[in-house]
Amino acid sequence: MEFDVQLKESIKEVENILEEFLPKGKDIPKIIIEAMEYSLMNGGKRLRPILLIEAAKCVEGDKNKVLPLACAIEMIHTYSLIHDDLPAMDDDDYRRGKLTNHKVFGEGMSVLAGDALLNYAFEIMLTHIPENYKEMMNYLKAVKEIAYAAGIQGMIGGQVKDLEYKEGVMDLETLQYIHIHKTGALIKASLRAGAIASGATKEQLKVLTVFGEKIGLAFQIVDDILDVIGDQKKLGKAIGSDQKNHKITYPSVYGLEKSQQMIEKLLQEALNHLKLFGSKGQFLGELGKFICKREY
Ligand code: GRG
C-alpha cells in the first residue's frame, strides 16, 4: 500500500479510537468535554500514537492491547499544546489554522482542558491494564515510561528551560537540552512504550530507542527550519535568532544547509537501525522519512 494511503488510514484509525475513548457522562460539565474535544479532534498528524502502534507491530505485539496507551499519548501531547499556546507561555492565537483553545474557551477553561486531558490520559491507561500478570507488568512499565517522558525529566523539564531562557541568550547546550526534552522525550517514549508493552527484547527496545532519539531530534531541527522560514516569510528577516523570544535555533547556529544535512544524517542512521525488523519496520521507516521531510 502507498505510504500516503496507509498514513491516512492510520490517522483515521487513531481518530476513531480517540472518539471512542472521549469522556462521556451526564455528571461531567459539557463545557470541559467541548474544550477537550476542540483541541483533541482538531486535525493533528497523530504521529505519536502511530509511532506507538507501529513499534508494537515491529515486535509482533497485539495492536489492540496498546490502543489505550496510543490514545493517552495523543491526549498528553494535546494538553501540552493547549498549555503552550496560553498567554503565560507562547501566547498564540492560532494552531493548525484554527483559533487556539484559550481564544475560544477563555484562559481558565483552557488551563482546565489541558489538565483534564493529562488526567484523563492516565485514567484511560489505568482502566485498561491487562489481566495476565506478565502482560500487566509490561503494560505498567510502559505507563511509567510515558509518565517519565511527559514529566520533569522529559517534556515539562524541556519546557521549563525554554521558559527560563525566554529573555536571556541561550547557549547550544541549552538548546539541545530543550530539543531532547521538550519534544524528543515524548516521541522516544511513544516508540518505547509500544515496544515495552508488547514484551520487546532488549535488542528490539534498544533499536527503537535509538530510532526514536534520532527521529525526535530530526523532527525538532525540521521544526526550527520551519520556524525560521515562516519568520522570514512573515517579516522578511534574515536567518538568525527567533525574534519572538531571542532563542537560538539549529539554523541560526549551523546555517540552513548544515542543519538540513544533519537531518539527512539522523534519518539515515535511524533507518539503518530499523533493518533489524525487516518488512515489519517498513511503515515506521516511511514515517521517519515523512517526519524529516515535512514541507519547508
Ligand atoms: C506546556 C508542559 C508543556 C509543554 C509544552 C510540546 C511542547 C511542550 C510545546 C509545543 C511547542 C512547539 C510548537 C514545539 C515544536 C514541535 C512540536 C511539538 C510541534 C507540534 O507537534 P506535531 O507537529 O503537532 O506532532 P500536530 O499538530 O501534528 O499534533
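Along each chain, residues carry numbers from 1 onward, in the same order as the chain's sequence is written. For a predicted model such as this one, the threshold for reporting local features is a pLDDT of at least 70, and the threshold for listing and counting side-chain atom pairs is 80 or more; totals across whole chains, interfaces and linings nevertheless cover every residue.

Novice: Any details on the overall build of the protein chain? Residues and values, ideally.
Specialist: Secondary structure elements follow DSSP: runs of H or I of four or more residues count as helices, runs of E of two or more count as strands, with numbering from the N terminus. Of regular secondary structure, the protein chain possesses 13 helices and two strands. In terms of overall dimensions, the protein chain is globule-like: its C-alpha atoms have a radius of gyration of 19 Å, near the 19 Å expected for 296 residues. Three exposure classes are used. Buried residues have 20 or more other C-beta atoms within 10 Å of their own C-beta, exposed residues have 12 or fewer, and partly exposed residues fall in between, all C-beta atoms being placed from the backbone. Counting over 296 residues, the protein chain shows a buried share of 41%. Here the globule rule reads 2.2 Å times residues to the power 0.38, and the radius of gyration is calculated from C-alpha atoms.

Novice: Can you explain the site of the ligand? Please cite residues and give values.
Specialist: Using a C-beta atom placed from the backbone, a residue is described as near a molecule or strand when that atom lies within 6 Å of it. The environment of the ligand is formed by 14 residues, the closest being Gly44, Lys45, Ser80, His83 and Asp84. For the shell around the ligand, the elements supplying multiple residues, two or more each, are α4 (63–84), α8 (155–164) and α9 (172–197). Of the residues in the shell around the ligand, the class split is four nonpolar, five polar and five charged. Under this grouping Gly is polar, as are all residues other than the nonpolar Ala, Val, Leu, Ile, Met, Phe, Trp, Tyr, Cys and Pro and the charged Asp, Glu, Lys and Arg.

Novice: Could you give an account of the nonpolar core, with specific residues and numbers?
Specialist: Working definition: the nonpolar core is a set of buried Ala, Val, Leu, Ile, Met, Phe, Trp, Tyr and Cys residues, joined through C-beta atoms within 7 Å. Among the nonpolar cores identified, the biggest contains 71 residues, and Leu52, Leu69, Ile146 and Ala218 are the most heavily contacted of them. Tallying contributions element by element places α4 first for this core, with twelve residues. Not counting chain neighbours up to four residues away, the residues in contact with Ile146 comprise Leu69, Ala72, Ile73, Ala189 and Ala193. Contact between residues is assigned whenever the C-beta positions, reconstructed from backbone atoms, fall within 7 Å.

Novice: Break down the environment of Met155 for me, citing the residues and quoting the values.
Specialist: Along the chain, Met155 turns up in helix α8. Put simply, Met155 and Ala193 are 38 residues apart on the chain and 15 Å apart in space, counted from C-alpha to C-alpha. Sequence-distant contacts of Met155, defined by excluding residues within four places in its chain, comprise Ser80, Ala149, Ala150, His181, Lys182, Ala185 and Leu186.

Novice: Can you explain unusual backbone geometry? Please cite residues and give values.
Specialist: As a rule of thumb, non-glycine residues mostly have phi less than zero, and peptide bonds are mostly trans rather than cis. One non-glycine residue, Arg46, adopts positive backbone phi at about 60°. With respect to the element layout, Arg46 can be found in the loop between α2 (30–40) and α3 (47–58). Classification of Arg46 by C-beta neighbours within 10 Å gives buried; the count is 21.

Novice: Lay out the packing of helix α12 (residues 256–274) against helix α13 (residues 282–292) in plain terms, naming residues and giving numbers.
Specialist: Any two packed helices are characterised by how steeply their axes cross, that is the angle between the axes, and by the distance between the axes. All axes here are fitted lines through C-alpha atoms, helices being fitted over the stretch that makes contact, and every angle between N-to-C directions spans 0 to 180 degrees. At their nearest, the axes of α12 and α13 sit 10 Å apart, and the two run at 175° to each other. Comparing their axes, α13 and α12 come out roughly antiparallel. Listed contacts from α13 to Ile263, Leu267, Ala270, Leu271 and Leu274 of α12 are Leu284, Gly285, Gly288, Lys289 and Cys292. Here the angle decides the label: under 35 degrees means roughly parallel, over 145 means roughly antiparallel, 65 to 115 means roughly perpendicular, and every other value means oblique.

Novice: Please provide a residue-by-residue account of α13, values included.
Specialist: Among the residues making up α13, those that are buried are Leu284, Gly285, Leu287, Gly288, Ile291 and Cys292. In an axial view of α13, the angular spread of the buried residues amounts to 155°, which keeps them on one side of the axis. What the arc covers is the set of directions going from the helix axis to the C-beta atoms.

Novice: How would you explain the packing of α3 against α4 if you had to name every residue and give the values?
Specialist: For the pair α3 and α4, interaxial distance at closest approach is 8 Å and the crossing angle is 155°. When the interaxial angle is binned, α3 and α4 end up roughly antiparallel. Crossing of α3 over α4 shows right-handed handedness. Between α3 and α4, the residues in contact are Arg48, Pro49, Leu52, Ile53, Ala56 and Lys57 and Lys63, Val66, Leu69, Ala70, Cys71, Ile73, Glu74 and His77, respectively. For the contact of α3 with α4, the per-class residue count stands at nine nonpolar, one polar and four charged. A clockwise turn of the near helix away from the far one marks a right-handed crossing, whereas an anticlockwise turn of less than a right angle marks a left-handed crossing.

Novice: Lay out the environment of Asp224 in plain terms, naming residues and giving numbers.
Specialist: By the secondary structure assignment, Asp224 is in helix α10 (residues 202–235). Sequence separation of Asp224 and Tyr250 is 26 residues, and the distance between their C-alpha atoms is 6.4 Å. Setting aside residues no more than four positions away along its own chain, Asp224 makes contact with Thr249, Tyr250, Pro251 and Ser259.

Novice: Please provide a residue-by-residue account of α4, values included.
Specialist: Across its 22 residues, α4 extends 31 Å between first and last C-alpha, which sits within 8% of the 32 Å expected from 1.5 Å per residue. For α4, the tally of buried residues reaches 18 of 22 residues, placing the bulk of the element in the interior. To estimate how far a helix should extend, the number of its residues minus one is multiplied by 1.5 Å.

Novice: Tell me about the confidence of the model for the protein chain, and please be specific about residues and values.
Specialist: Detailed reading of the predicted model is not advised wherever pLDDT is low. Predicted confidence across the protein chain gives a mean pLDDT of 92, with 94% of residues reaching 70 or more. For this predicted complex, the interface confidence comes out at an ipTM of 0.92, alongside a pTM of 0.94. The pLDDT value expresses, per residue, how confident the predictor is, ranging between 0 and 100.

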